[in-house]
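# Per-entry structural report
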Amino acid sequence: MSDFIFSTRNIERLCMSNALHSIYEKEFPQVSYFNGSWGSLGFTKNIYNGYEPYETEQYLIVVIGGPLLTFKKNDFINQENSNLGTKAIFERWKSGNMIWDEDLNGPFSVLIINKAKQEVICITDIMSYIPIFKYYNNNHYTLSSHIDMISTVIKKSSDIDDVSLVDFILHGTVTFPYTIFKDIYQIQPASTHVYALNSNELKVKKYWEPYETNKYTDMNQTAKYLRKCLESNINMVTSQTTNIAQFISGGEDSRTLSGLLKDINRDAYIYLDGMNREGKIAKIIADKYNANFKPANRDQYHYLNIMEKCADLIGSGAEYHHAHTYGFHKYLVKYDAVYGGLFSDALLKGARIKKTKLTNKFIFLPNKKNKTNLLNENLSNEIFDKKIIDELKERRNNHYYYIKTYRKESAEEWFELWPSSMNRNIPNIHANRRLFKSYEPFLSNEIVKVSANIPQKWKLNRNLFNMIAKPYLKKSKWVLHGDGWYPYYSYKFNTMISFITWTNRQIGKRIGYIKGNQGPWASWKKIINSEKWEQKASDYSIGLSYINKMFKEKLNDKKLKGELSTLQYIAFTQVLYQLQKRYTNEKESKKTFK
């Protein structure tokens, strides 16, 4: 399934269907509905082949996402309307041999309903790449894979948690386990959650935890092991189908992916404002690795135009603009697998390790860890009510000390990784898995486990990653990265090259030799300073009046723009839209009721 809503209450089919359709602009997916003495279940058709629901006289099992199975061939990948994957998971679980962190790889959630015992079991993946949300009231549970769906069916859409709202504006995420809505929480990652109606008790059992052991001591051997893991992960799909595509860029992750896929005829997609430096490098990489280059131009206001659609698709409390493929996804639905390189930075290159200010400012300087606790650096913001800021600090500190029970030296890094909803880039997965058959090899369980058990110094400056990727980068060893260095070589080799390239580009921009947006993403300052953005923000004025109580003083949109960073202001505008939508929907509901 792409999404589900389960409740121990009896929820009508129409209510379920409306909620499950509410995140889509058009082309609503097929909804299936089951109910019984155990409760109600509604879900949309799974994009991934092999994961249709499976039902026996006693059990009903559904799978969200498209996990790769390591205990059997994934020969259902190109078979439409099949439940072979779902059935295989059920039979392995029923036999008592299931090991969730070894047998299923990638984003998933499994829901097993024992109709006879009136018991529901929900299993989350190793990092909660697919977050699951719960609401408990009057001895009844409601679960869903989408935060706005669950708020709709339990009629809590207007019950906003101000602290979480401020959290999202300042950090781009909501601190686990809280959500934008009061009394709705995200459940634990890497866990089985069992609820029985007769006992009214929720039992949670973790099947994996990210303990910091540093058990890997040989970086070269670790790199070899991870290469085998990546190759095995990709082979599980490509041994069954060659109808695949990949995302490509001027970076090193996509060319590593290209090296892994080099023997397969495939299409390579990139989305840009225009054929700039990033696109030209990507074209060279595609040619070197035998991929069919498929560039597509986006409108300069693309990220403004998709705000409402993507905010609905991803859900409240997640940054909408990470849904980069939206609008282009119609070209991707025909493939059995579309590969990306997400999370290699976070898990293998220490992207969530806090660096010194100089390292952050100048990309040519070697990474150096900042040993100062920077957890609440954004909370010095003076525009929000002090009580809200104080409570937010307490929530973030609580989560930090919870992570510290697992990780003494790297708690601040894993604060933004565990669960993955704490990483502001993860909405990319949330969007893609609903739009096409997305596969991300760097999300595999083996990568996660190694990342949790290696020294941070291996991640800094691409030390480990360079060892892993080097064989795949050989074909492009003399092709510059979009940022101006050579991925095939170590950071030591690249320091001076990176400095020279960076300096030349800075001079080129100042004298007008280099013009326009040369990178893969949008020129955000241009977008948010445009008349179109101002008009959009003005259209959401009702949303601003709804949250004025969060501020120390009454502020207008223009003043807020000056107080917030670019990313914070984008998140703020997204919040205004989502609040305005709720206000409008409530108003219409009241009219209908009258």
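Predicted model, so just to flag it, every value in this text is computed and none were measured. (Residues numbered from 1 in each chain as written. Predicted model: local features only at pLDDT ≥ 70, side-chain atom pairs only at ≥ 80, totals over all residues. Heavy atoms only, no water.)

## Describing the overall build of the protein chain
Here is the rule we go by: The way it works is that DSSP assigns letters per residue, a run of H or I at least four long becomes a helix, a run of E at least two long becomes a strand, and they are numbered from the N terminus. Atoms considered for the radius of gyration are the C-alpha atoms alone. The globule rule reads 2.2 Å times the number of residues to the power 0.38. Categorising residues by exposure relies on relative accessible area from a 1.4 Å probe, with only protein chains included: less than 20% of the type maximum marks a residue as buried, more than 50% marks it as exposed, and the intermediate range marks it as partly exposed. Contacts between residues were defined by any pair of non-hydrogen atoms, one from each residue, lying within 4.5 Å. All accessible areas in this document rest on Shrake-Rupley with a 1.4 Å probe, and a residue is counted as covered only by the protein chains that are shown. Charge convention: Lys and Arg are scored as positive, Asp and Glu as negative, and His as well as the terminal groups of each chain are ignored. Positions of charges follow a simple convention, taking NZ of Lys, CZ of Arg, CG of Asp or CD of Glu.
In terms of regular secondary structure, the protein chain is built from 24 helices and 19 strands. For 594 residues, the compact-globule formula gives about 25 Å, and the C-alpha radius of gyration of the protein chain, at 24 Å, lands near that figure. Across its three principal axes, the protein chain shows a C-alpha extent of roughly 70 × 60 × 45 Å. By the burial criterion, 58% of the 594 residues in the protein chain qualify as buried. Put simply, of all contacts in the protein chain between residues at least 6 apart along the chain, 70% involve residues at least 24 apart. Summing over all exposed atoms, the protein chain offers an accessible surface of approximately 25300 Å²; the carbon and sulfur share of this is 48%. When the 84 basic and 60 acidic side-chain charges of the protein chain are each reduced to a single mean position, those positions are 5 Å apart.

## Comments concerning the packing of aromatic side chains
The description of two aromatic rings rests on the distance between their centres and on the angle between their planes. Applied cut-off: Put simply, two rings from Phe, Tyr or Trp (the six-membered ring, in Trp's case) pair if the centres are within 6.5 Å, and we call them stacked under 30 degrees between planes, edge-to-face over 60, tilted for the rest. By the criterion adopted, a ring carries a charge over it if an Arg CZ or a Lys NZ lies within 6 Å of its centre and within 35 degrees of its normal.
A full pass over the atoms with the stated rule returns 37 aromatic pairs. Considering the side-chain rings of Phe247 and Phe436, the 6.1 Å spacing of their centres and the 70° angle between planes classify their relative orientation as edge-to-face. With Phe247 in strand β15 (residues 244-247) and Phe436 in the loop between α15 (427-435) and β19 (438-439), the pair connects residues that are 189 residues apart, well separated along the chain. Neither residue differs from the other here; Phe247 and Phe436 are each classed as buried. Between Phe364 and Phe499, the aromatic rings sit 5.0 Å apart at their centres with planes inclined by 75°, giving edge-to-face as the arrangement. With Phe364 in the loop between α12 (357-361) and α13 (386-404) and Phe499 in helix α19 (residues 491-511), the pair connects residues that are 135 residues apart, well separated along the chain. Note on Phe499: relative accessible area 34%, which makes it partly exposed. Members of the aromatic cluster, joined through ring pairs, are Phe247, Tyr269, Tyr271, Phe328, Tyr335 and Phe436. Lying over the aromatic face of Tyr178, Arg395 brings its terminal NZ or CZ to 3.8 Å of the ring centre. Looking at Lys470, its charged tip hangs above the ring of Tyr488, at a distance of 4.9 Å from the centre.

## Some points on helix α18 (residues 463-473)
Because each turn of an α-helix spans 3.6 residues, side chains separated by three or four positions end up pointing in the same direction. Within α18 the residues assigned to the buried category are Leu464, Phe465, Asn466, Ile468, Ala469, Tyr472 and Leu473. Where α18 is buried, its residues touch α6 (219-238), α7 (252-260), α11 (344-348) and α17 (456-459).

## A word on helix α5 (residues 162-171)
Extensive coverage of α5 is indicated by the burial of ten of its ten residues. Along α5, the positions that sit buried rather than exposed are Asp162, Val163, Ser164, Leu165, Val166, Asp167, Phe168, Ile169, Leu170 and His171. Remark: Gly172 follows α5 within two positions and exhibits a positive phi of approximately 80°.

## Re the environment of Arg266
Tracing the sequence through the fold places Arg266 in strand β16 (residues 266-272). Apart from residues lying up to four places away in sequence, Arg266 is in contact with Ile244, Gln246, Ser258, Leu261, Tyr289, Asn290, Ala291 and Asn292.

## Some remarks on the nonpolar core
To keep things clear, this is the line we draw: Here the nonpolar core consists of buried residues drawn from Ala, Val, Leu, Ile, Met, Phe, Trp, Tyr and Cys, with membership extended through side-chain atoms lying within 4.5 Å.
Counting 79 residues, the largest nonpolar core has Tyr320, Trp533 and Phe572 as the members making the most contacts within it. Core analysis: the next-biggest nonpolar cluster, separate from the first, contains 75 residues, Trp100, Leu260, Met422 and Tyr486 among them.

## Some words on a nonpolar patch on the surface
Selection criterion: Patch building starts from residues that exceed 30% relative accessible area and form no salt bridge, then joins like charges within 9 Å and nonpolar side chains (Val, Leu, Ile, Met, Phe, Trp, Tyr) within 5 Å. Definition used for salt bridges: Asp or Glu carboxyl oxygen within 4 Å of a side-chain nitrogen of Lys or Arg.
The grouping of Met496, Phe499 and Ile500 at the surface amounts to a nonpolar patch, some 280 Å² of accessible area in total. Along the chain, the position of Ile500 falls in helix α19.

## Observations concerning the pairing of β15
To be explicit about the condition: DSSP calls a pair of strands paired once it identifies at least 2 bridges connecting them. Handedness of a crossover: with both strands directed away from the viewer, a clockwise path from the first strand across the helix to the second marks it as right-handed.
Residues of β15 alternate between two faces, with Ile244 and Gln246 on one and Ala245 and Phe247 on the opposite face, all of them buried. Note that β15 and β16 share three bridges and pair parallel. Residue pairing in the sheet places Phe247 in a bridge with Tyr269 of β16. Where the polypeptide runs from β15 across α7 and back to β16, its parallel neighbour, the crossover connection is right-handed.

## Overview of the packing of α6 against α18
Operational definition: Every axis corresponds to a line fitted to the C-alpha atoms, with the helix fit spanning only the stretch in contact, and the corresponding angles, defined between N-to-C directions, vary from 0 to 180 degrees. Relative orientations are named as follows: roughly parallel for angles under 35 degrees, roughly antiparallel for angles over 145 degrees, roughly perpendicular for angles from 65 to 115 degrees, and oblique for any other angle. A crossing counts as left-handed when the near helix is turned anticlockwise from the far one by less than a right angle, and as right-handed when that turn is clockwise.
Look at α6 against α18: their axes get within 9 Å of each other, and the N-to-C directions meet at 55°. On the basis of their axis angle, the class for α6 and α18 is oblique. Remark: the crossing between α6 and α18 carries right-handed chirality. Across from Met219, Asn220, Thr222, Ala223, Leu226, Arg227, Leu230 and Glu231 in α6, the residues of α18 making contact are Asn463, Leu464, Met467, Ile468, Pro471 and Tyr472.

## Notes on the confidence of the model for the protein chain
Put simply, the rule is: Known as pLDDT, the predictor's per-residue confidence is scaled from 0 to 100.
With 97% of its residues at a pLDDT of at least 70, the protein chain reaches an overall mean of 91. Across residues 590-594, confidence stays below pLDDT 50; counting only partners more than four residues off in sequence or on other chains, it has zero contacts.

## What about unusual backbone geometry?
That bond from Phe176 to Pro177 is cis: its omega, 5°, falls within 30 degrees of zero. Within the chain, Asn214 stands out as a residue other than glycine whose phi angle is a positive 50°. Of the residues examined, Asn214 reaches a relative accessible area of 35% and is grouped as partly exposed. Backbone geometry at Phe343 places phi at a positive 80°, although glycine is not the residue there.

## Looking at the pattern of salt bridges
Between side chains of opposite charge, a pair can form as their charged atoms come close. Applying the stated criterion to the full structure yields 26 salt bridges. In this structure, Asp3 and Arg434 form a salt bridge, with 2.7 Å as the shortest nitrogen-oxygen distance. Taken together, the positions of Asp3 in the segment before β1 (4-7) and Arg434 in helix α15 put the pair 431 residues apart, joining distant regions of the chain. Residue Arg434 is classed as buried on the basis of its relative accessible area of 6%. Between Lys115 and Glu55 there is a salt bridge, and its shortest N-O distance comes to 2.8 Å. In this pair, Lys115 is assigned in the loop between β8 (108-114) and β9 (119-124) and Glu55 in strand β4 (residues 54-55), connecting sequence segments 60 residues apart. Lys115 gets classed as buried once you look at its relative accessible area, which sits at 19%. Ionic contacts of the salt-bridge type, sharing partners, join the residues Glu252, Asp253, Asp345, Lys349 and Arg462 into one network.

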